[in-house]
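Single-letter residue listing:
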Amino acid sequence: MATTTATLYHQLPSDIRLATCTLFRSFNHRHLLIPQCAGASSRPYFSRSTTPFRLLAFSTNANEPFVEKVSDKPPICSADELHYVSVANCDWRLALWRYNPPPQAPTRNHPLLLLSGVGTNAIGYDLSPGSSFARYMAGQGFDTWILEVRGAGLNSKISPVKKEDDLTRLATVWDESKLVTKLTETFMSLSERLSGFLSQWSVSPQLFDLQERLFSTIDDFQKQLDLIVQYDWDFDHYLEEDVPAAMEYIRAQSKPKDGKLLAIGHSMGGILLYAMLSRCGFEGRESRLAAIVTLASSLDYTSSKSTLKLLLPLADPAQALNVPVVPLGALLTAAYPLSSSPPYVFSWLNNLISAEDMMHPELLKKLVLNNFCTIPAKLILQLTTAFREGGLRDRSGKFFYKDHIHKCNIPMLAIAGDQDLICPPEAVEETVKLLPEDLVTYKVFGEPSGPHYAHYDLVGGRMAVEQVYPCIVQFLGRYDSVS
């Protein structure tokens, strides 16, 4: 074979370094927003169309929040409407995907907010017409909104132009995506080459050395990022700024009579809902939520065997090295060929996402290659407190969210998947046992003989539309009345 192990050892890292250095130099140190990753079927998350997607926003009062409904949304947005809302004290504009109920759907009293997991965008809730949780909920009559928190999906940053124009221009992630796509495609290409190489050789200690060599090059990628962008936010920024801004905007648009929303959170999205209820209970204020559903979420993972405990050894080094981001999307893009093609070196990655035969291969590919983005190290560092004694804490380290969750006063449905390796049922139970018994309903999906549910199967698995979705609709329907 022409390509030897020694050649790959030296060539792969240099290839990545060359690609990243060339890419970042081409930006001339402009501010960069990282896109999700290259898309399914060699198609990036953002369209390659040469037509620029620019949203112009006019403001006559600098103190007023920026809100905008986009009339010409990008093709990747499969929602009925795309909205933007500003966040106080920062220049992020959050994307809200809206799904309108069809005329024949039952009438509902409350809009529905969907919150996604860490480092993910709206795609996970809307994989395809036949596997779209968002579209299903809209079909059941709910005015459904998906929030993309800062740094994810179609979010944007605002940059002022000439003051006399009184005009603000939004530079979206889509505008920057072509250059960054070069980087993620490089990762994909290198991973495919590595997969082809490994398929001709038996697994040996050299293989693991080669894998370590490949992934160690991510350090170069992170150092380059540090020159261009500061991903300087954590979990509490989502909790205190992003989610409240989105909720206020949805209330203004949907106008529920009692001013309340329904909310569903998957993974970190559910953790955000728990944390919000904990804060409201501690401060003695209303959450303005009618009911919530959490999917594969917990405030305390210490008693479980969650695979996310692998993050703990990374926390201190990341903090010491001041690594600004973890390019999750690029990493998964690079690893995907090794998880889906012989010799299936990273096949365990698929099991983290979906149980065997629970997701169509093309949908799984779309999810892996389109749903994940770059994560700030600060966010990871705060989330790792959920794996330490006392559970998730605020950024000060002094407020334990689970200590006040028992003070919540709204109905909750907590759902777990029987084969979820990221948030196992015992992790979900750790939070459920703290909730008022008369307000919480707990359900584990999956049977001993199958089907089984892994982390994303609760949202996009082939059986979810028959088993999980109707359960959620039935629960929310009981609490959708206006008192």
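Cut-offs applied
- Residues numbered from 1 in each chain as written.
- Predicted model: local features only at pLDDT ≥ 70, side-chain atom pairs only at ≥ 80, totals over all residues.
- Heavy atoms only, no water.
- Pairing = 2+ DSSP bridges.
- Helix = DSSP H or I, 4+ residues; strand = E, 2+ residues; numbered from the N terminus.
- Right-handed = clockwise from strand over helix to strand, strands pointing away.
- pLDDT = per-residue confidence, 0-100.
- Contact = heavy atoms within 4.5 Å.
- Buried < 20%, exposed > 50% of the residue type's maximum accessible area, 1.4 Å probe, protein only.

The name given to the protein in an unreviewed UniProt entry is Hydrolase 4 domain-containing protein, and the organism recorded there is Citrus sinensis.

Peer 1: Any chance you could explain the pairing of strand S14 (residues 440-445) here in plain terms?
Peer 2: Successive side chains on a regular strand alternate, one facing one side of the sheet and the next facing the other. Note: strand S13 (residues 412-417) against S14, 6 bridges, orientation parallel. The partner of Leu-413 across the bridge, within S14, is Thr-441. Between the parallel elements S13 and S14, the chain passes through helix H13 (residues 425-432) in a crossover that is right-handed.

Peer 1: Quick question: what am I supposed to make of the confidence of the model for the protein here?
Peer 2: When pLDDT is low, close inspection of the predicted coordinates is not appropriate. Confidence along the protein averages 75 in pLDDT terms, with 62% of residues attaining 70 or more. Segment residues 160-183 is flagged for pLDDT under 50; beyond a separation of four residues in sequence, or across chains, it makes 69 contacts in the model.

Peer 1: Before we go on, may I ask you to explain the environment of Pro-111 in this structure?
Peer 2: Here Pro-111 is to be found in the loop between strand S4 (92-99) and strand S5 (112-115). Beyond its immediate stretch of four places on either side in the chain, Pro-111 contacts Asp-143, Trp-145, Ile-250, Ser-254, Pro-256, Lys-260, Leu-261 and Leu-262.

Peer 1: What's the story with unusual backbone geometry in this structure? I'm lost.
Peer 2: Comment: phi is negative for the bulk of residues other than glycine, and the bulk of peptide bonds are trans. A cis amide bond, omega 0 degrees, links Gly-450 with the succeeding residue Pro-451. Mapping Pro-451 onto the fold places it in the loop between S14 and helix H14 (457-460). Although it is not a glycine, Ser-267 sits at a positive phi angle of roughly 60 degrees. Within the secondary structure layout, Ser-267 lies in the loop between strand S9 (261-266) and helix H7 (268-283). Its relative accessible area of 12% is what places Ser-267 among the buried residues. A positive phi angle is found at Asp-357, which is not glycine, with a value near 65 degrees. Classification of Asp-357 by relative accessible area gives exposed; the value is 59%.

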